[in-house]
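Take a look at the letters that make up each chain.
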Amino acid sequence: LLAAMMLLSLVACGGTNETEAPVDNESETNAPETEAPAVELAYKSALELLQLAMNSYNAGATEDTMLYVAGGNINNFDTTSMDGPAKFVALADEDYDANLGYPVADVAKLDDAASMFNMMNINVFNCYAVHFTNSEDVEPMAEAIKANILNRQWMCGSPEKLVIAKMPGDYLVVVWGVVEFGGIVNPVAESFTTSVEGATIVVEENIAR
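Conventions and cut-offs
- Sequence positions are assigned chain by chain, starting from 1 and proceeding in written order.
- Note on the predicted model: pLDDT of at least 70 is required for a residue's local features to be given, and 80 or more for side-chain atom pairs to be given and counted; whole-chain, interface and lining totals, by contrast, use all residues.
- Excluding hydrogens and water, the side-chain values take into account all heavy atoms of the structure.
- To define a nonpolar core, start from buried Ala, Val, Leu, Ile, Met, Phe, Trp, Tyr and Cys residues and group those joined through side-chain atoms within 4.5 Å.
- Buried means the residue's accessible area, taken with a 1.4 Å probe over protein chains only, is under 20% of the maximum for its type, while exposed means over 50%, and partly exposed covers the values in between.
- Segments assigned H or I by DSSP are reported as helices when at least four residues long, segments assigned E as strands when at least two residues long, and all are numbered from the N terminus.
- Contact between two residues is taken to exist if any of their heavy atoms lie within 4.5 Å; hydrogens are not considered.
- Distance thresholds for patches are 9 Å for like charges and 5 Å for nonpolar side chains (Val, Leu, Ile, Met, Phe, Trp, Tyr), applied to residues having over 30% relative accessible area and no salt bridge.
- The accessible surface values rely on the Shrake-Rupley method and a 1.4 Å probe; as for residues, cover is taken only from the protein chains in view.
- For this analysis, a salt bridge means a side-chain nitrogen from Lys or Arg found within 4 Å of a carboxyl oxygen belonging to Asp or Glu.
- In this analysis, rings of Phe, Tyr and Trp, with Trp reduced to its six-membered ring, are considered paired at centre separations within 6.5 Å, and the interplanar angle assigns stacked below 30 degrees, edge-to-face beyond 60, and tilted for intermediate values.

**Some points on the nonpolar core**
And then number 1: With 28 residues, the main nonpolar core has L49, L67, M116, F125, M167, V188 and F192 as its most contacted residues.
And then number 2: Those elements that provide at least two residues to this core are α3 (46-59), β2 (110-117), β3 (125-132), β4 (161-167), β5 (171-177) and α6 (185-195).
And then number 3: Those residues in contact with M116 that lie beyond four places of it in its chain are L50, M54, L67, V69, A70, G71, P85, F125, N126, C127 and V188.

**Notes on a nonpolar patch on the surface**
And then number 1: A cluster of nonpolar side chains, namely Y68, M82, M119 and M120, defines an oily patch on the protein surface of about 530 Å² accessible area.
And then number 2: Within the secondary structure layout, M82 lies in the loop between α3 and β1 (86-87).

**Quick look at the pattern of salt bridges**
And then number 1: Using the criterion set out here, one finds 7 salt bridges in the structure.
And then number 2: Here D106 and K109 are joined by a salt bridge, their closest N and O atoms 3.2 Å apart.
And then number 3: Residue class for D106 comes out buried when judged on its relative accessible area of 15%.
And then number 4: The exposure class of K109 is partly exposed, given its relative accessible area of 28%.
And then number 5: Of the charged contacts in the structure, one is a salt bridge between K146 and E205, with a shortest N-O distance of 3.9 Å. Taken together, the residues span a long stretch of sequence, with K146 in helix α5 (residues 138-150) and E205 in strand β6 (residues 200-206) at a distance of 59 residues.
And then number 6: Residue E205 is classed as partly exposed on the basis of its relative accessible area of 30%.

**Points about the packing of aromatic side chains**
And then number 1: By the definition in use, this model includes 3 aromatic pairs.
And then number 2: Between Y43 and Y171, the aromatic rings sit 5.4 Å apart at their centres with planes inclined by 85°, giving edge-to-face as the arrangement. Taken together, the residues span a long stretch of sequence, with Y43 in the loop between α2 (26-29) and α3 and Y171 in strand β5 at a distance of 128 residues. For the residue pair Y43 and Y171, the accessibility class agrees, reading buried in each case.
And then number 3: Geometrically, the ring pair formed by F88 and Y96 is tilted, given 5.0 Å between the ring centres and 55° between the ring planes. Exposure class is identical for F88 and Y96. Each is buried.
And then number 4: One aromatic cluster is present, formed by F88, Y96 and Y102 through successive ring pairs.

Here it is as structure tokens:
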């Protein structure tokens, strides 16, 4: 009887050593990372981007320095605006180079473009925005645009400076023209960086005459 009681006592003691349940760390280690919420842009197209910068510039301009521009494609009069920026509608790929200085070989990388320019001479002031379908093309194309413009043979006036800004949303803005005698390339380029958070100047070059 004593032996049986001792055996029962040992069994009872053994039963109190409960093994702890394994900690499930999978929810911590393998939990999907939450993506940062997308920043809503103040523009939804290349045209809206140009209009935003133009309004920002004109807000601080005087009557003498106010930005009055035409827009669109000078080879496609049906889509040209004489009252401000306009969507760029090309009749042929060559229009991108003739109007904007954008390389013809890389037109397929774009899905949107808009422009604004001096009504009398696009070499005095020319500004355009383009949107890329692939974000990886943005920075390389800034260099390709720079090379294409700096290597041009200028006629009917020579621009003096080129500025290219990288804009949020896979856009580039390109501004070129004169800087002396009332030139507005510098202040217009600055209006893009001041009116759009996250905009950065990636190219700033003098154009040899």
